[in-house]
Amino acid sequence: MLSAVALVGRPNVGKSTLFNRLTRSRDALVADHPGVTRDRRYGLAEFDSRRFLAIDTGGLGEHDDELGMGKLVEEQVEFALDEADVIVFVVDHKEGLTAEDHRIADRLRRSGKPVIVAVNKSEGIGAELAEAEFHAIAVGTPVSIAARHGHGIERLLNTIAEYLGPEEVDDIPADAGPRLAVVGRPNVGKSTLVNRLLGQNRQVTSDVPGTTRDSIFVRCERDGESFVLIDTAGIRRRARVSDAIEKFSIVQSLQAISDARAVIVLVDATEGITDQDLHLIGVVIEQGRALVIGLNKWDGLPSRTRTQLLREVDRMLSFATFAKVVPVSALHGSGIADLLRAALVAHEAAGRKVTTSRLNEILEDVLNKNPPPLVRGRRVRLRYAHQGGRYPPTIVIHGSQAERLPVHYKRYLENAFRAALRLTGTPVRIELRTGDNPFAGRRNVLTPRQERRRTRVMRHGRRK
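The structure reproduced in this document is the subject of the present report. (Residues numbered from 1 in each chain as written. Predicted model: local features only at pLDDT ≥ 70, side-chain atom pairs only at ≥ 80, totals over all residues. Heavy atoms only, no water.)

## Comments concerning the packing of helix 11 (residues 356–369) against helix 12 (residues 407–421)
Where helix 11 contacts helix 12, the two axes come as close as 10 Å, and the packing angle between them is 125°. With respect to each other, helix 11 and helix 12 are oriented oblique. Every pair of crossing elements has a handedness; the one defined by helix 11 and helix 12 is right-handed. Residue-level contacts link Arg-358, Leu-359, Ile-362, Leu-363, Val-366, Leu-367 and Lys-369 of helix 11 to Tyr-409, Tyr-412, Leu-413, Ala-416, Phe-417, Ala-420 and Leu-421 of helix 12. Partitioning the contact of helix 11 with helix 12 into residue classes produces 12 nonpolar, no polar and 2 charged. (Axes fitted to C-alpha atoms, helices over the stretch in contact; angles between N-to-C directions. Helix = DSSP H or I, 4+ residues; strand = E, 2+ residues; numbered from the N terminus. Parallel < 35°, antiparallel > 145°, perpendicular 65-115°, else oblique. Left-handed = near helix turned anticlockwise from the far one by under 90°. Contact = heavy atoms within 4.5 Å. Nonpolar A, V, L, I, M, F, W, Y, C, P; charged D, E, K, R; others polar.)

Here it is as structure tokens:
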């Protein structure tokens, strides 16, 4: 289970900049759920083989009370504090310690959770000097950073890692079978689907969106296949996330995607593919999980609408063509067996072992059909491949100048390996590695005879 780290502090102290730095990308957002006026963003951060969810919050204090903004932002921060396992209190070194910082520190002290004070905008200043003033708030461990330039981020991550502790392990045994998470927007029929697979009303279902509040692990066996279903709370569009309990469920839903090996994204066929569905599918692919898309409430659509919907799905999911789309009706049970079979097939493909000889056969065939393009006038040479991991299948390719391979050719390699290995329902990752040049940094010392020849050739060239 992933731990959650909340970033809190006054406005304009650099929380969002730090969030982008921790997630290593400005658009590496796992979810974006604002209140009425301020965002709460969720991102996946990774450091030293450890992962955690980073939560960006709105600034506390200094708001126009006539608009009621201060109260709304404080409610958002309270939600983040309840979700978080560790709190990073971001302060501004240039502005120094303020009365608002003292007020926030008092609130964080009452939370009883580990607090780290990130002294931002302290570039060009010694760590001890930058941190000295902020020992006075008597909460957490001050760490000087410069989020914009990346200074001190590694030290901050090391400090965060000390408080994360060991990875949480649930009580589901490893031999219970593959873990399949069921995710989607509220009221698309996730719990109804789980009940149909179980053959009983194990989960509470309702027409009211957001009935499920926690991610629930359920052991299941169907047609001789054993697996674990993870029923998650609905992830709804940001403008509609207002209930406190529902906000608490977002982190658990994102954690469930991380805990699963295969994910069923359930879509309401009566509404079609929405932006939130596309974003959620992107999150699943980004985390490398096997993917199956279920079009629920299919039975209520007329024939012409079904045809139009399938065309729309093909067009909008051009970035996830490997994922199988299965029309289902969770309420009546039609298509459920096909959906489960597709999820198990995707799980098997994501964990398949492939021999090195087979991968090199595929690589040789691919290079013969379509060799890499010239980069700066030189040919990129890919020499051999081997498997670097599973869940998702990772193929490591070694060569010369491999890091210069264009993105479009890397995508071509992914599709070629997926087709050759018949990997259905899982993303494929290609890692390119360039061997060390044994002559790098070494000067070619010419002999006296070579020097005379070089001088003669250059003189001849100047005459021409």
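From this point, the narrative continues.
## Observations regarding the packing of helix 1 (residues 15–23) against helix 5 (residues 153–164)
Running from amino to carboxyl end, helix 1 crosses helix 5 at an angle of 80°, the nearest separation of the two axes being 11 Å. The orientation of helix 1 with respect to helix 5, classified from their angle, is roughly perpendicular. Residues Leu-18, Arg-21 and Leu-22 of helix 1 pack against Ile-153, Leu-156 and Leu-157 of helix 5. Split into classes, the residues belonging to the contact of helix 1 with helix 5 amount to 5 nonpolar, no polar and 1 charged.

## Quick look at the environment of Arg-411
Secondary-structure assignment places Arg-411 in helix 12. Each C-alpha atom, one on Arg-411 and one on Ile-430, is 8.5 Å from the other, the two residues being 19 residues apart in sequence.

## Section: unusual backbone geometry
Cis geometry marks the peptide bond from Tyr-391 to Pro-392; its omega dihedral reads 5°. Tracing the backbone shows Pro-392 in the loop between strand 16 (381–389) and strand 17 (394–400). In this structure, Ala-138 takes a positive phi of about 55° despite not being glycine. Relative to the assigned elements, Ala-138 resides in the loop between helix 4 (127–132) and strand 7 (141–144). Take Ala-138: its relative accessible area is 56%, and that puts it in the exposed class. Even without being a glycine, Arg-422 presents a positive backbone phi close to 55°. For Arg-422, a relative accessible area of 71% puts it in the exposed group. (Buried < 20%, exposed > 50% of the residue type's maximum accessible area, 1.4 Å probe, protein only.)

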